Amino acid sequence: MQSKDHIFAAPIAQLGDFCFDQNVAEVFPDMIKRSVPGYSNIISAIGMMTTRFAQPHSQLYDLGCSLGAATQEMRRNLTQTGCAIIAVDNSAAMLERATSHLATFKSEVPVTLTEADICDIEIENASVVVLNFTLQFIAPDKREALLQKIYQGLNPGGVLILSEKFISADDTVNELLIDLYHDFKRANGYSELEVSQKRTALENVLRPDTPEHHKERLARVGFSHVDMWFQCFNFGSMVAIKQATTE
Ligand SMILES: Nc1ncnc2c1ncn2[C@@H]1O[C@H](C[S@+](CC[C@H]([NH3+])C(=O)[O-])CC(=O)[O-])[C@@H](O)[C@H]1O
Ligand SMILES: O=C(O)C(=O)Cc1ccccc1
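For the structure given in this document, a descriptive report is provided here. Being a predicted model, the structure only gives us computed values, none of them experimental.

Considering the overall build of the protein
At step 1: Helix and strand counts for the protein come out as eight helices and seven strands.
At step 2: Overall size of the protein, expressed as C-alpha extent along the three principal axes, is 55 × 45 × 30 Å.
At step 3: Looking at the protein as a whole, 51% of its 247 residues qualify as buried.
At step 4: Restricting the contact set of the protein to residue pairs at least 6 apart, pairs at least 24 apart contribute 78%.

What follows is the structure, given as structure tokens:
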């Protein structure tokens, strides 16, 4: 039985910052499905890109793995031999549930679940790195160093899949995309109060960048091929490919 997300349904007198605690981990599959437009399409495409980009005897990273949805899709779509998946999250509650969730599937592919800050881990011999709605929670002044580390740890021809909530550089478009996003949340059963309380709780925690800022930063750390492959309202996903040695 999956629990429904009612976290912001009742008025909260002292609304604190949003965090990935036990209560959020409990309702996370329902929350993410009803809160992130295109989430299931993005997860499927992570599987498709894994089939294309995974290199034999390399490592695949799921950074900010939550309950391991991207890890499971990568594992299911891996056709290369000798690969291992490293899934990392700094929320103990998420990792505990990811461990039991992933154990329900049969697979030959080794998965290591690590409780750590993704800014502190080593990345090496990587062919696929996934940041699926995680970079937005990293302090803005730490983002470039993290992307630089990912770039250094990727093998030539490797890919970073970066999904994020965005802001638009154009104020009118920005307002429109946020309005459409709130319509999407209401259509998925969230009340006005839930939408507004969550918005406030996320203010200091989820800091979105513009797509242009992402593209410039990805190019600056060294990625030679960068573009958006999916966008729905103010949510989307980018690919960044490290130049292959044969190009
Ligand atoms: N510094 C950090 N180090 C490690 N983990 C972190 C850090 N900061 C935040 N997290 C973790 O990043 C995850 C973000 S959710 C990712 C969804 C998943 N990728 C999915 O495909 O279902 C996205 C969302 O909820 O919007 C949470 O589990 C945090 O604990
Ligand atoms: O719900 C929101 O307002 C969001 O921006 C997406 C989201 C989804 C899950 C956790 C945190 C943010």
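Remarks on the site of ligand 1
At step 1: As a structural note, the neighbourhood of ligand 1 is formed by 20 residues, with Tyr39, Gly64, Ser66, Asp89 and Asn132 the closest of them.
At step 2: In the model, an oxygen atom of ligand 1 is placed 2.5 Å from a nitrogen or oxygen of the tyrosine 39 side chain.
At step 3: Here aspartate 117 contributes a side-chain N or O atom positioned 3.0 Å from a nitrogen atom of ligand 1.
At step 4: Expressed as a share of its isolated accessible area of 660 Å², the protein-covered part of ligand 1 is 94%.
At step 5: When the residues that make up the shell around ligand 1 are grouped by side-chain class, the tally is eleven nonpolar, seven polar and two charged.

Here's the deal with the pairing of strand E4 (residues 126-132)
At step 1: Of all the seven residues making up E4, seven are buried; the element is thus mostly covered by neighbouring parts of the structure.
At step 2: Of the strand pairs in this sheet, strand E1 (residues 59-63) and E4 are connected by four bridges, and their pairing is parallel. Within the sheet, the bridge partner assigned to leucine 60 lies in E4 and is valine 128.
At step 3: Two elements, E4 and strand E5 (residues 154-165), share six bridges in a ladder whose sense is parallel. Counted as the bridge partner of valine 130 is isoleucine 161 from E5.
At step 4: Crossover handedness for the path E4 to helix H5 (residues 143-153) to E5: right-handed.

What counts, and at which threshold
- Here the residue numbers are simple positions, counted from 1 along each chain's written sequence.
- As a convention, the first chain written is A and the first ligand written is 1, with the rest following in written order.
- Selection of residues for local features in this predicted model requires a pLDDT of at least 70, selection of side-chain atom pairs for listing and counting requires 80 or more, and totals for whole chains, interfaces and linings are taken over all residues.
- Remark: hydrogens and water are excluded; side-chain values derive from all non-hydrogen atoms of the structure.
- The way it works is that DSSP assigns letters per residue, a run of H or I at least four long becomes a helix, a run of E at least two long becomes a strand, and they are numbered from the N terminus.
- Only protein chains enter the accessibility calculation, which uses a 1.4 Å probe; a residue is then buried when its area is under 20% of its type maximum, exposed when over 50%, and partly exposed in between.
- Contact criterion: two residues are considered in contact whenever any of their non-hydrogen atoms come within 4.5 Å of each other.
- One heavy atom suffices: a residue is near a molecule or strand as soon as one of its heavy atoms comes within 4 Å of it.
- As used in this structure description, the phrase polar contact means that two N or O atoms lie within 3.5 Å; if the pair is within protein, one of them must be able to donate a hydrogen and the other to accept it, and residues adjacent in sequence are counted only when both atoms belong to side chains.
- For accessible areas, the Shrake-Rupley method is used with a probe of radius 1.4 Å. Any residue's cover is judged against the shown protein chains and nothing else.
- Lys, Arg, Asp and Glu make up the charged group, whereas Ala, Val, Leu, Ile, Met, Phe, Trp, Tyr, Cys and Pro make up the nonpolar group; the residues left over, Gly among them, are polar.
- Any two strands with at least two DSSP-identified bridges between them are counted as paired.
- Every crossover in which the path from the first strand over the helix to the second runs clockwise, viewed with the strands pointing away from the viewer, is termed right-handed.

All quantities given are derived from atomic positions and should not be read as evidence of function.
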